[in-house]
Amino acid sequence: MKKYIFSIAAFAAFSVLLSSCINDAGTDIQQKEIEKGDTAHYTAFVTQEATPTRVAITDHVPERGAVVKWQTDDKIWLYLSDTYRLGSSFNNVTTPSTRAKFYFEPGLGNASYKVNYCGHTTRTDGRYVTIHPLQWQGVANNTDHLQYVGDCAEGTANRTASGTYSVQMRRLPAYLCIMPYCTNELIRPGAKVTKIVVRSDNAITGTFDIAKYGLNMAYVSNPGYTIENGLNNGNGFSLENNAPNQALSAAYIVMAPGVHTLSIDYYYTSPQTPVQLKLTKNMAARNYLPNTITDIYANLDQLAYEPKFYMWDARENVAVDRYTPIDWPTINTDLRWCNEQTGSATQSASTAPNINQAQWYLNSDIYFDSNTTWTYQGIVHYGGIWLKKLSVQAAQRGEDVNNWRWSFQDGKNYIDEMAAGRQPYLQGSASYGGNAHSGMIQLGKPSSPQIGYKGDNEAYYMFIPAVRLFRKDGNPSYYSLNGEKECGYWIGNSKGDMAFYLRYTWKNNSGYGYGRNSNFGTTLSITSTDKKTTIMPVFQVQ
């Protein structure tokens, strides 16, 4: 049974949603009845539409309700014994409708039957329903996916004088309607929310024999505590709204009801930063009742970074946190071990700028920004660099940015130069007052530079946070908030045991003062380091 929001069809004619909003709260699902009907040689189970105060999932209105409609391929199941469920043969639905008749083979004569809706027929045998931990949603504000990942209902069919059965049903799960938005002008233009992960202290997924036990957690198989909704196949829904906008970004999740303390992780991207953003919202314990929808509003207004630290081009990252010493990989069979090959990255650093592209970044103006705030592991940090996007630079020069992958402005391809063993591989570093090319380091943000420095259109740039790198024998061996940090991001090229990276230094206090250097060192450089003893993040070339 497909569900849609607003103008799109949704829950079956037997269910109705009520609303019970609390800032993060939602809408209760009430009920719809099934109507009367008959057809020759079959026993009809008919849906009757009750007069709802608020209706179930077609036209879901936050803090109100939605409408429920049957689909042409819907099926209901009769509970005949603990091991046998009888499915309907067909229905009379030709277009999504709040009324439907379901037909069974003749011979049914009991005064009443327990009836279930078990979701899409490709995902159930009529007995078991699985609330799935992966609930990927293709279109914003649409509930089509729920029928495949755990939507279900139960009811009782009562025999009427005409020999047909009248059915009234009620949804068993609890539902979330999550509506992200963003009030941060730096992040919002072009931003997308790509994934939502719901985590609970109690089980919210699993496989259930719903006719026998409903969604009783005492009888669940394979219980789970996490649900992931990848939005638009990972391409995301728009986050350009500065207030909740259901049509742009509403995401729907079905879960087992009960008292849960939820933590919700939001993964999002912005053209203004090439590093993945992740913000976690912790919710108070709440009883998520069966047959209810809870509306959740989430302002993703922070540059909330969750950088992953890799040996150069490793398949998997090395875990880093504020309290635990780093567990360094030591053998090349560890998936966290570096790519030992010389040349171009093929794994975690494959999306990083190569040597040619990195030099183009140094060729333009760079901004060292001490004031922009960002968070990591729940702690507020300050500072980062603004690099001018290669796409903007190329457009301003009337050139094809794709060609910049293979050569720098002097016509040389430094990937080939490196492979041939010619020196130098690189052209130097950018510094205050000038650099080895034609740009220079400015202080402040592009839109608000410090006095004496020139400004520029901030949309032309991307912000990269001042995230420190780690060396195997360095001190500390965990993420420190104090002192001078050597910051770096991998470049997608290596030579033997050495790999290249963009490097600068940053001091997380006022030791450098507020003048010319303003907490930063004097240069942003391309340099090399031992790829077996260093870990750092990667940013995606733009």
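About the thresholds
- Residues numbered from 1 in each chain as written.
- Predicted model: local features only at pLDDT ≥ 70, side-chain atom pairs only at ≥ 80, totals over all residues.
- Heavy atoms only, no water.
- Helix = DSSP H or I, 4+ residues; strand = E, 2+ residues; numbered from the N terminus.
- Buried < 20%, exposed > 50% of the residue type's maximum accessible area, 1.4 Å probe, protein only.
- Areas by Shrake-Rupley, 256 points an atom, 1.4 Å probe, with all protein chains shown as cover.
- Core = buried A, V, L, I, M, F, W, Y, C linked by side-chain atoms within 4.5 Å.
- Salt bridge = Lys/Arg side-chain N within 4 Å of Asp/Glu carboxyl O.
- Pairing = 2+ DSSP bridges.
- Axes fitted to C-alpha atoms, helices over the stretch in contact; angles between N-to-C directions.

Enquirer: It is not clear to me how the overall build of the protein chain should be interpreted in this structure. Could you clarify?
Expert: Per the secondary structure count, the protein chain includes six helices and 37 strands. Going through the 542 residues of the protein chain one by one, you find that 54% of them count as buried. Accessible surface, the protein chain as shown: approximately 21400 Å² in total, 46% of it carbon and sulfur.

Enquirer: What is the right way to look at the nonpolar core in this model?
Expert: Nonpolar side chains tend to gather and get buried jointly when the protein is soluble and globular. Tyr268, Leu387 and Leu524 are the most contacted members of the largest nonpolar core, which totals 94 residues. Looking at this core, the element that brings in the most residues is strand S35 (residues 498-507), giving six residues. Grouped together as the second largest cluster of nonpolar side chains are 16 residues, Val93, Leu108, Ala157 and Met169 included.

Enquirer: How do you make sense of the pattern of salt bridges when you look at a structure like this?
Expert: Oppositely charged side chains may form a pair once their charged atoms are brought near each other. Inspection of the entire model under this criterion finds 15 salt bridges. In this structure, arginine 85 engages aspartate 209 in a salt bridge whose closest nitrogen and oxygen atoms are separated by 2.6 Å. A residue pair is termed long-range when its members are at least 10 positions apart, and arginine 85 in strand S5 (residues 85-87) and aspartate 209 in strand S14 (residues 205-209) qualify at 124 residues. A residue is classified by how much of its surface remains accessible, and arginine 85, at 8% relative accessible area, is buried. Judged by its relative accessible area of 6%, aspartate 209 falls in the buried class.

Enquirer: Would you take a moment to explain unusual backbone geometry for this structure?
Expert: As a rule of thumb, non-glycine residues mostly have phi less than zero, and peptide bonds are mostly trans rather than cis. The backbone of asparagine 222 shows a phi angle near 50°, a positive value even though the residue is not glycine. Assessed through its relative accessible area of 65%, asparagine 222 is described here as exposed. Of note, asparagine 291 is a non-glycine position whose phi angle comes to about 65°, a positive value. Residue placement: asparagine 291 occurs in the loop between strand S22 (286-288) and strand S23 (292-299).

Enquirer: Looking at this structure, how should I read the sheet that holds S14?
Expert: Two strands in a sheet stick together by hydrogen bonds in their backbones, pointing the same way (parallel) or opposite ways (antiparallel). The sheet built from three strands is open, its strands ordered S9-S14-S15 with antiparallel pairing. With one partner strand each, in any of the chains shown, strand S9 (128-131) and strand S15 (221-224) form the two edges of the open sheet. This sheet shows a mean twist of 20° between the axes of neighbouring strands, independent of strand direction. Where S14 lies against S15, two bridges are found, and the strand directions are antiparallel.

Read these as spatial facts, not as claims about activity.
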